[in-house]
Amino acid sequence: MFLTSEKFRKVVDILQASDKSFSKMAKLVSFIIIAYLLIISTEETLSREVPFTKCASPFGQLSSVNVTPCDSDPCVFESGTNETIAITFTPNEVVSEGDIHLYASKWGIRKELPLKNPHLCEGYGLKCPLKKGIPVKLSVTGQIPQGAPSGTYEVEAELVDQNGGTVVCGIITVEIA
C-alpha cells in the first residue's frame with residue numbers, strides 16, 4: 001500500500017484537527033483546575049475558625065466560631081464592610097424560641113449592638129424548635145458602621161431561650177482598622 005501525497009495530506013489534516021481539539025480540551029481542563037484552586041484558596045482566606053472564650057451557658061455547648069471575611073488573628077474589620085459570624089452549638093434543652101444579643105466591649109465598657117431581627121428562630125439559618133443534643137449552626141451578618149472607632153474589641157454573642165436562660169455565650173476578639 002502506497003501513501004500518495006493526497007492521502008498524506010488527509011492524514012496531516014486529520015492530525016492537525018485532532019491536535020487543535022486536544023489543545024482546546026487541554027486549555028479548558030487547565031482553566032477548570034485553576035478556577036477550582038482559586039475558589040478553594042479564596043474560601044480558606046475569607047472564612048476562618050477563630051478562638052473564642054465561653055461565658056456562662058448552662059443550656060448549651062458552643063463548639064466553634066467562624067468569621068467571614070477573616071485572614072488574621074484577631075480578625076480585622078473595615079468600616080462599612082459586611083462581616084459574618086457563624087457559630088455551631090448544641091442545645092442541652094429544646095429551644096422553641098429565643099433571642100440573640102450581641103455586645104461590643106472596649107476599655108471595660110460594654111455596649112449592646114443593635115440587630116434588625118433579634119429573634120433566634122427567624123432568618124439565621126435555624127429551624128425551631130431546636131432539639132436537645134442536636135448540633136446546629138447560626139449565622140449572623142452585619143455591617144460595620146461607617147466611622148466606627150478603630151481599635152481592638154471583644155464581641156460577645158449570647159443566645160437566650162424562651163425562658164430567658166442562656167443557651168450559649170461566646171466572646172471573640174476583633175480589630176476595627
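To keep things clear, this report deals only with the structure shown in the data block. Please read these numbers as outputs of a predicted model, since none were measured by experiment. Going along each chain's sequence as written, the residues are numbered from 1 onward. Under the rules for a predicted model, residues below a pLDDT of 70 receive no local features and side-chain atom pairs below 80 are neither given nor counted, while totals for whole chains, interfaces and linings still include all residues. Values reported for side chains reflect all heavy atoms of the structure, with hydrogen atoms and water molecules removed beforehand.

### Overview of the packing of aromatic side chains
Counted only if it meets this: Put simply, two rings from Phe, Tyr or Trp (the six-membered ring, in Trp's case) pair if the centres are within 6.5 Å, and we call them stacked under 30 degrees between planes, edge-to-face over 60, tilted for the rest. A positively charged side chain is recorded as over a ring if its NZ (Lys) or CZ (Arg) lies within 6 Å of the ring centre. The angle to the ring normal must also be within 35 degrees.
Counted under the stated rule, the structure contains 0 aromatic pairs. The ring of Tyr103 is capped by Arg110, whose NZ or CZ atom sits 3.6 Å from the centre of that ring.

### A closer look at the pairing of strand 7 (residues 109-113)
Selection rule: Each pair of strands is called paired provided DSSP finds at least two bridges between the two strands. Secondary structure elements are defined from DSSP: runs of H or I of at least 4 residues count as helices, runs of E of at least 2 residues count as strands, and each element is numbered from the N terminus.
Here strand 6 (residues 98-106) pairs with strand 7 via 5 bridges, running antiparallel. Following the sheet pairing, Leu102 is matched in strand 7 by Leu113. Remark: 2 residues form the turn of the hairpin made by strand 6 and strand 7, two consecutive strands paired antiparallel; Trp107 in that turn has positive phi of roughly 55 degrees.

### Notes on the sheet that holds strand 8 (residues 136-143)
In spatial order, the strands read 1-3-5-8; together these 4 strands make up an open sheet with antiparallel pairing. Single-partner strands in this sheet number two, and they are strand 1 (48-49) and strand 8. The pairing of strand 5 (residues 82-91) with strand 8 spans 8 bridges and is classified as antiparallel. Residue Ile85 lies in a different strand from strand 8, and its bridge partner there is Val140.

### Description of the state of the cysteines
For clarity, the threshold we go by: Criterion for a disulfide: a pair of cysteine sulfur atoms within 2.5 Å. Buried residues are those whose accessible area, probed at 1.4 Å on protein chains only, stays under 20% of the maximum for their type, while exposed residues exceed 50% and partly exposed ones sit between those limits.
Across all of its chains, the model carries 3 disulfides by this definition. Through a disulfide, Cys55 is tied to Cys169; the S-S separation comes to 1.8 Å. Across the S-S bond of Cys55 and Cys169 the torsion is about -80 degrees, and the bridge reads as left-handed. Of this pair, Cys55 sits in the loop between strand 2 (53-54) and strand 3 (60-68) while Cys169 sits in strand 10 (residues 166-176), and the two are 114 residues apart along the sequence. Grouping residues by exposure puts Cys55 and Cys169 together as buried. Note that Cys121 is cross-linked by a disulfide to Cys128, the S-S spacing being 1.8 Å. Since a negative S-S torsion denotes a left-handed disulfide, the Cys121-Cys128 link at about -70 degrees is left-handed. Take Cys121: its relative accessible area is 22%, and that puts it in the partly exposed class. For Cys128, a relative accessible area of 23% translates into the label partly exposed.

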